[in-house]
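In case you want the letters, here they are:
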Amino acid sequence: MKKTILITWWTGYIWSHWVVAFEQAWYKTVIIDNLSNSSISTLDWIEKILWYKPDFFEVDLRDIESMDTIFNKYNFDWVVHFAWLKAVGESCDKPLEYFDNNIVWSLKLFELMNKYDVKNIIFSSSATVYDSTNFVNWKGVLENGITWNTTNPYWTTKYLLEQILMDLSKFSWFKVMNLRYFNPIWAHNSGYLWEDPFGIPNNLLPYIMKVANGELKQLQIFGSDYDTIDGTWVRDYIDVVDLIDGHLKAYEKISGTEWFFKVYNLWVGKWVSVLEMLKESEQVTWKNIDYKLVDRRPGDVAQVFCDPSKALNELWWNSETSLENSLMNSWKFYSSK
Ligand code: WQD
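Model, not experiment: these values are computed from the prediction. Here the residue index of a chain counts from 1 through its sequence in written order. Side-chain atom pairs in this predicted model are given and counted only at pLDDT of 80 or more, local residue features only at pLDDT of at least 70, and totals for whole chains, interfaces and linings cover all residues. The side-chain quantities take in all heavy atoms of the structure and omit both hydrogens and water.

## Focus: the sheet that holds strand β6 (residues 175-180)
Sheet strands pair via backbone hydrogen bonds, and the direction of the pair is either parallel or antiparallel.
Stage number 1. Spatial ordering of the open sheet is given by β3-β2-β1-β4-β5-β6-β10, a layout of seven strands whose pairing is parallel. Where the open sheet ends on each side, the last strands, each with one partner, are β3 (55-57) and β10 (260-265). For this sheet the average axis-to-axis angle between neighbouring strands, irrespective of direction, equals 15°.
Stage number 2. Direction of pairing for strand β1 (residues 4-9) relative to strand β4 (residues 78-81): parallel, over a ladder of four bridges. Residue pairing across strands places Ile7 opposite Val80, the latter belonging to β4.
Stage number 3. Two residues qualify as a contact provided that any one of their heavy atoms is within 4.5 Å of a heavy atom in the partner residue. Every angle, taken between N-to-C directions, lies between 0 and 180 degrees, and every axis is a line fitted to C-alpha atoms, over only the stretch in contact when it is a helix. In DSSP terms, a helix is any run of H or I states spanning at least four residues, a strand is any run of E spanning at least two, and both are numbered starting from the N terminus. Against the sheet, helix α6 (residues 153-171) contacts β5 (120-124), β6 and β10, and its axis sits at roughly 160° relative to β5. DSSP-based pairing: two strands are paired if at least 2 bridges between them are found.

In structure tokens, the structure reads:
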């Protein structure tokens, strides 16, 4: 009997990658997405890979009645929770919207899970819960390096959700797999699944790709006075295929074990600056990508470097996709638009 996994979504196309990976690993997925930042046509693209469409409901997490009906219809084994707002800069402009969406409505989900005795959750957390003060001899931040000293509302919501899930694991027998990572970048190697948010992208890579294919004119680089190799900010970019592999390995590791709260850093362990990402993209796309150096973006978190050895040793997980390969997959889509 296939395990049934609910995937809650809110922020765009990336759930399509999870669905393909989990379905190909013989799990049954059920998706809820309010389509605020993605299109229903994504299911057609998934069908080109799987030869069938997974169960999908255009439902908002806040529609408690519909969510209850879905929980009542399926006997979920797990929930993979992604339904929140996720732009660091935007969260500084709309803190209350982020607290409402990310905290209040995640709590409603946890209440439903408790009601239907679905207590296994893979929580896609974030390395924004760390900060640069957690460095240990530059080996990188270990999983216990969490800090409450948040610098943007998005970070605060992730920190609080982790604390809530930790208590649910202690007092309500939830099994929580808490995965921390920073910057997922993605496009499926089939060329069918990609990241193409509505309107002006918040994230760096879709913005760069839209300048490369002519949809946008110029990239604004937020800050060029950081203490980095070229003054622009650095991040650890992880290809979504490696990220999902980490989720699958985490799931396989913990399904069937006792309740707990487990944390793993899913990291490439390689810093890439904004200018380096732009130059790599020019080499892959053979396009000149115009840019302008502007002021720092409010809420941009400090450069954080994680130590991925725990995931390596306990999950036998390592990131294997090169940045060039991720960029080539992205360009496969953006150049065909
Ligand atoms: C990357 C770098 C920007 C756009 C990500 C995820 C978020 C969370 C935290 C997991 C930054 C710079 C960007 C632009 C730029 N992940 N930039 N011009 O802010 O690191 O957030 O990690 O929880 O969900 O999105 O990602 O891609 O917005 O920015 O200069 O037009 O690129 O300042 O240094 P960020 P990003």
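There's more to say after this.
## With respect to the site of the ligand
Stage number 1. Proximity criterion: a residue is near a molecule or strand once any of its heavy atoms comes within 4 Å of it. Near the ligand lie 23 residues; those nearest to it are Tyr154, Asn203, Arg235, Arg297 and Asp300.
Stage number 2. Measuring from an oxygen atom of the ligand, one finds a backbone N or O atom of Asn202 at 3.3 Å.
Stage number 3. Pairs of N or O atoms are called polar contacts if they sit within 3.5 Å, as long as, within protein, a hydrogen donor faces a hydrogen acceptor (for residues adjacent in sequence, only side-chain-to-side-chain pairs). One of the side-chain N or O atoms of Arg297 is found 2.6 Å from an oxygen atom in the ligand.
Stage number 4. Compared with its free state, where it exposes 680 Å², the ligand has 96% of that area covered by protein.
Stage number 5. Of all the elements in the fold, those that place two or more residues in the shell around the ligand are α6, α7 (204-212), β8 (219-222) and β9 (234-239).
Stage number 6. Among the elements that take part in the shell around the ligand, β8 stands out by supplying four residues, more than any other. Reported accessibility uses the Shrake-Rupley method at a 1.4 Å probe radius. Residues are deemed covered only where the shown protein chains occlude them.

## Quick notes on the pairing of β9
Stage number 1. Most of β9 is tucked away, with six of its six residues classed as buried.
Stage number 2. Side chains of β9 alternate between two faces, with Val234, Asp236 and Ile238 and Arg235, Tyr237 and Asp239 buried alike.
Stage number 3. Note: β9 against strand β11 (residues 271-273), three bridges, orientation antiparallel. Its bridge partner being in β11, Arg235 is matched across the sheet by Val272. Throughout, exposure labels follow a simple rule: accessible area from a 1.4 Å probe, protein chains only, divided by the maximum for the residue type, with under 20% read as buried, over 50% as exposed, and the rest as partly exposed.

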